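Below are the chains, spelled out letter by letter.
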Amino acid sequence: MAKRQFKTESKKILDLMINSIYTHKEIFLRELISNASDAIDKLCYKSLTEEGISLDRSDFAITLELNKDARTLTIRDNGIGMSKEDLENNLGVIARSGSGAFEAAMDKSKDESLDIIGQFGVGFYSAFMVADKVTVLTKLYGSEEAFRWVSTGTDGYTITEAEKDSYGTEITLHLKADPEEEGGEYSDYLESWKLKSLIKKYSDYIRWPIKLDNETVNSQIPIWQRTRQEATDEDCIRYYKDKYHDDKDPLAVIRVNAEGAVSYRALLFIPASAPYNYYTVAYTPGPELYSSGVMIMEHCKELLPECFRFVVGVVDSPDLSLNISRELLQHDRQLKIIANNLEKRVKTELKKLLDNDREKYEQFYVAFGSDIRFGILRDYGLKKDLLADLLLFYSDKNDKNITLNEYAEAMPEGQKNLYYACGDTVDAAAALPQLEPIRDCGYDILLLGDSSGDMLMRMLDRWQDKPIKSANDDDLGLDGGERHEAAEKAQEESRKLLDWIKEHLDGKIEEAKISERLTSAPVCLTAKGPVSLEMEKYFSNVPGEAQNIHAQRVLELNAQHPVFAALKAAYGEDKEKAGRYVELLYSMAELLAGFMPQDAARLTELVSGLMA
Ligand code: ADP
């Protein structure tokens with residue numbers, strides 16, 4: 001019988017497992033029990049949704065069997081089983097994640113607190129941490145054929161036809177010999193007391209009975225079906241950490257027990273940090289969906305809006321039809337009601353955190369603030385009312401994060417608008433010369449450090465009844481009558497120069513004008529028309545057509561600045577020199593606005609020319 005080779009990726013992971021120095025080897029049991037439970041879930045679901053299958057739910061069980069003489073531990077389930085192809089595809093290949101990433105994580109987790117094995121969906125292979133030979137005897141439900149898969153590790157595996165009376169899977173671990181110097185280690189897994197304590201520790205909430213020595217060891221009642229007395233928040237947190245392989249406590253535990261138009265229970269968590277794959281396509285959002293204890297879907301993304309995709313947990317409702325398909329689910333009335341309620345609950349919970357535990361909320365915002373911000377932009381602002389008061393901004397005045405509400409409440413009398421400024425970073429935003437007149441009025445400014453910030457603020461448009469204005473806006477709505485008059489006068493007097501500047505910059509700008517907003521800086525760059533400078537920056541990073549979206553640039557000059565006087569003088573005496581000044585000023589304005597000057601060599605030449 002020819003040995004088949006593991007796929008390269010799988011081989012590497014197997015190798016890592018076999019030689020693992022991981023101290024949490026005991027989790028192999030949790031992984032194998034969880035696979036067995038999934039297999040029963042699948043069969044149970046099938047029997048409920050397909051015609052002509054009648055199975056008695058009370059027969060489903062996971063059974064553990066020990067043989068001390070043979071040093072074997074067998075985990076048996078009467079779940080769906082596997083075909084020959086399933087064996088080949090599921091146990092010969094690591095489907096989900098690269099071995100490189102796994103290896104790196106394994107290396108990093110020397111402190112053993114990280115549960116990498118669960119995270120990487122390589123559960124089955126963990127058997128090789130404790131066994132030097134693994135046999136899988138399996139028969140797919142409804143099939144006549146059974147198969148035996150055997151492997152002693154990296155040298156490959158065999159699959160042969162076999163005899164098995166009933167459907168389901170039986171996994172036999174031939175435990176490794178105990179290390180001489182330490183003793184005990186692997187033989188412990190042949191002791192009932194040890195196995196019972198591991199089942200209690202890791203698998204108590206598994207819905208199917210886990211039997212050992214003819215006794216059901218686990219309590220079976222899923223944690224979300226328990227009252228607060230039966231399962232405390234601490235119990236829920238432990239469940240979360242095990243289930244989602246997170247070594248940090250969640251920031252919030254949300255428990256819902258609703259009765260009414262739709263009855264359901266939910267147990268949801270807000271994690272403290274993003275899971276390792278959160279920003280990849282591998283992350284599937286949405287809580288698990290159960291109907292009366294039977295899992296319908298592993299991730300039901302219809303249950304929560306996209307902006308709350310960080311929420312994990314489970315929703316269980318006896319009112320949902322088991323037969324429901326993904327397509328139908330989107331239109332299911334009951335599901336919509338649940339989703340609406342959950343959206344409100346998550347929002348309330350976040351608001352509570354914001355109001356009562358600012359430190360935790362800031363931690364949340366570091367991890368998932370981008371979901372809130374993009375949530376406002378998505379679907380043309382559909383969720384902006386839900387999310388606006390969850391936003392945090394860096395306050396120019398207070399040097400800390402504040403909410404829109406806190407900004408509005410601290411507004412001095414007479415301030416009519418909320419002001420914001422965007423830059424590549426918060427510091428770059430704070431350094432914009434256009435903030436000067438706003439600061440001079442004693443007004444605070446919300447500083448945004450990313451290029452989508454401007455679109456976010458434009459989407460918000462107002463906070464309660466007050467307009468939100470960019471520091472770049474033409475009309476800042478400040479009381480600056482004198483400023484305005486002085487600028488208008490200077491504008492009139494410099495008309496010819498300003499036209500010449502525009503001409504000289506040859507299409508780079510839409511207009512050159514005397515600024516009303518500058519006090520100490522000589523120049524700044526703003527935009528007119530619908531596209532702001534920040535939008536241009538944002539779109540320049542989006543592949544495709546959008547890269548051609550450009551702002552109409554306006555070069556604003558400070559008529560009070562000595563540099564302007566120098567420019568004016570040069571314009572009268574030496575046009576060539578004036579031309580160089582204009583180029584320099586324009587480059588400076590670009591730099592201040594966070595744009596790289598297009599011709600850095602030319603800029604170097606101009607600056608050098610000034611010095612020597
Ligand atoms: P994961 O469970 O995270 O997908 P595993 O390596 O633990 O990864 O298992 C790989 C696959 O093998 C499972 O997804 C499942 O399809 C199959 N499998 C494992 N154990 C069983 C079992 N007891 N019964 C049926 N299928 C199983």
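Residues numbered from 1 in each chain as written. Predicted model: local features only at pLDDT ≥ 70, side-chain atom pairs only at ≥ 80, totals over all residues. Heavy atoms only, no water.

Would you mind going over the overall build of the protein with me for this structure?
The helix and strand inventory of the protein stands at 21 helices and 22 strands. A compact globule built from 612 residues would reach a C-alpha radius of gyration of about 25 Å, whereas the protein, at 33 Å, exceeds it by more than 25%. In terms of overall dimensions, the protein has a C-alpha envelope of 105 × 60 × 45 Å along the principal axes. Split into buried and exposed, the 612 residues of the protein put 50% on the buried side. At a minimum sequence separation of 6, the contacts of the protein that also span at least 24 residues come to 68%. (Helix = DSSP H or I, 4+ residues; strand = E, 2+ residues; numbered from the N terminus. Rg over C-alpha atoms; globule rule 2.2 N^0.38 Å. Buried < 20%, exposed > 50% of the residue type's maximum accessible area, 1.4 Å probe, protein only. Contact = heavy atoms within 4.5 Å.)

Can you walk me through the domain arrangement of the protein in this structure?
It is common to give the size of an interface as the accessible area lost on bringing the parts into contact. Structurally, the protein comprises domain 1 (8-219), domain 2 (233-359), domain 3 (392-470) and domain 4 (481-611). Taking only C-alpha atoms, the centre of domain 2 and the centre of domain 4 are 52 Å apart. (Domains from an automatic or database assignment.)

How should I be thinking about helix α17 (residues 495-504) in this particular structure?
Because the α-helix completes a turn every 3.6 residues, residues three or four places apart line up on one side. Burial in α17 covers these residues: Leu497, Leu498, Trp500 and Ile501. All buried residues of α17 fall inside an arc of 160° around its axis, so they share one side. Residues of α17 that are exposed and point over 90 degrees away from its buried face: Lys496 and Glu503. On its buried side, α17 packs onto α16 (481-493), β20 (511-514), β22 (552-557), α19 (562-573) and α20 (575-592). Looking one or two residues beyond α17, the residue adopting positive phi is Asp506, at roughly 50°. (Arc of directions from axis to C-beta.)

Help me understand the packing of helix α2 (residues 27-49) against helix α6 (residues 192-203), please; the structure alone is not making it clear to me.
The description of two helices packed together rests on the angle between their axes and the distance between the axes. Packing of α2 against α6 leaves a shortest axis separation of 9 Å and a crossing angle of 65°. Relative to α6, the element α2 lies roughly perpendicular. α6 is crossed by α2, and the crossing has right-handed handedness. Contact residues: Ile27, Leu29, Arg30 and Ile33 in α2; Leu195, Leu198, Ile199, Tyr202 and Ser203 in α6. In terms of residue class, the contact of α2 with α6 is built from seven nonpolar, one polar and one charged. (Axes fitted to C-alpha atoms, helices over the stretch in contact; angles between N-to-C directions. Parallel < 35°, antiparallel > 145°, perpendicular 65-115°, else oblique. Left-handed = near helix turned anticlockwise from the far one by under 90°. Nonpolar A, V, L, I, M, F, W, Y, C, P; charged D, E, K, R; others polar.)

Hey, could you run me through a negative patch on the surface in this one?
Where like charges cluster on the molecular surface, the negative patch consists of Asp475, Glu482, Glu485, Glu488, Glu492 and Glu516. Note on placement: Glu485 falls in helix α16. (Patch = residues over 30% accessible without salt bridge, like charges linked within 9 Å, V, L, I, M, F, W, Y side chains within 5 Å. Areas by Shrake-Rupley, 256 points an atom, 1.4 Å probe, with all protein chains shown as cover. Salt bridge = Lys/Arg side-chain N within 4 Å of Asp/Glu carboxyl O. Lys, Arg positive; Asp, Glu negative; His and termini not counted. Charge placed at Lys NZ, Arg CZ, Asp CG, Glu CD.)

How do you make sense of α20 when you look at a structure like this?
Here α20 is 18 residues long and its end C-alpha atoms lie 26 Å apart, about the 26 Å a rise of 1.5 Å per residue gives. For α20, the full list of buried residues reads Ala578, Gly579, Val582, Leu584, Leu585, Tyr586, Ser587, Ala589 and Glu590. Structurally, α20 contributes buried residues whose contacts are with α17, β21 (523-528), β22, α19 and α21 (600-611). In the stretch just after α20, Gly594 is the one whose phi turns positive, near 90°. (Expected span 1.5 Å × (residues − 1).)

Would you explain the nonpolar core in this entry?
What tends to happen in soluble globular proteins is that the nonpolar side chains get buried as a cluster. Core analysis: the biggest nonpolar cluster contains 86 residues, and Phe308 and Leu342 have the highest contact counts within it. In this structure, this core is formed jointly by two domains, domain 2 (233-359) and domain 3 (392-470), each of which donates at least three residues. If near-sequence neighbours (up to four positions away) are discounted, Leu342 is found in contact with Val256, Tyr264, Ala266, Leu268, Leu303, Leu304 and Val315. By size, the runner-up hydrophobic cluster in this structure holds 51 residues, among which are Phe6, Leu91, Leu190 and Ile199. (Core = buried A, V, L, I, M, F, W, Y, C linked by side-chain atoms within 4.5 Å.)

Any chance you could explain the sheet that holds strand β3 (residues 131-139) here in plain terms?
As a general point, the strands of a sheet are linked pairwise by backbone hydrogen bonds and lie either parallel or antiparallel. Reading across the sheet, the eight strands line up as β5-β4-β3-β6-β2-β1-β7-β8 and stay open at both edges, with mixed pairing between neighbours. Of all the strands in the sheet, the pair left with one neighbour each is β5 (157-162) and β8 (215-216). As paired elements, β3 and strand β6 (residues 168-175) share eight bridges and run antiparallel to each other. What sits directly across from Lys139, in β6, is Gly168. Each of β1 (62-67), β2 (72-77), β7 (210-212) and β8 touches α6; the most contacted strand, β7, lies at about 170° to it. (Pairing = 2+ DSSP bridges.)

I would appreciate a short explanation of the sheet that holds β22 in the present structure.
Ordered by their spatial adjacency, three strands build an open sheet running β20-β22-β21, and the pairing between neighbours is mixed. Edge positions in the sheet fall to β20 and β21, since each has one partner strand and no second. Adjacent strand axes in the sheet meet at a mean angle of 30°, parallel and antiparallel pairs treated alike. As defined by bridge partners, β20 adjoins β22 across four bridges and the pair is classed as parallel. The residue of β22 that forms the bridge with Ile514 is Leu557. α20 rests against β21 and β22 of the sheet, and its axis sits at about 70° to β21.

Looking at this structure, how should I read the pattern of salt bridges?
Where side chains of opposite charge bring their charged atoms close, a pairing between them can arise. Overall, the coordinates contain 44 salt bridges when judged by the stated rule. With its nearest N and O atoms 2.9 Å apart, the salt bridge here joins Arg30 to Glu31. A single burial state applies to Arg30 and to Glu31, both of which are buried. If you follow the salt bridges from partner to partner, you end up with Glu26, Lys194 and Lys201 in one network.

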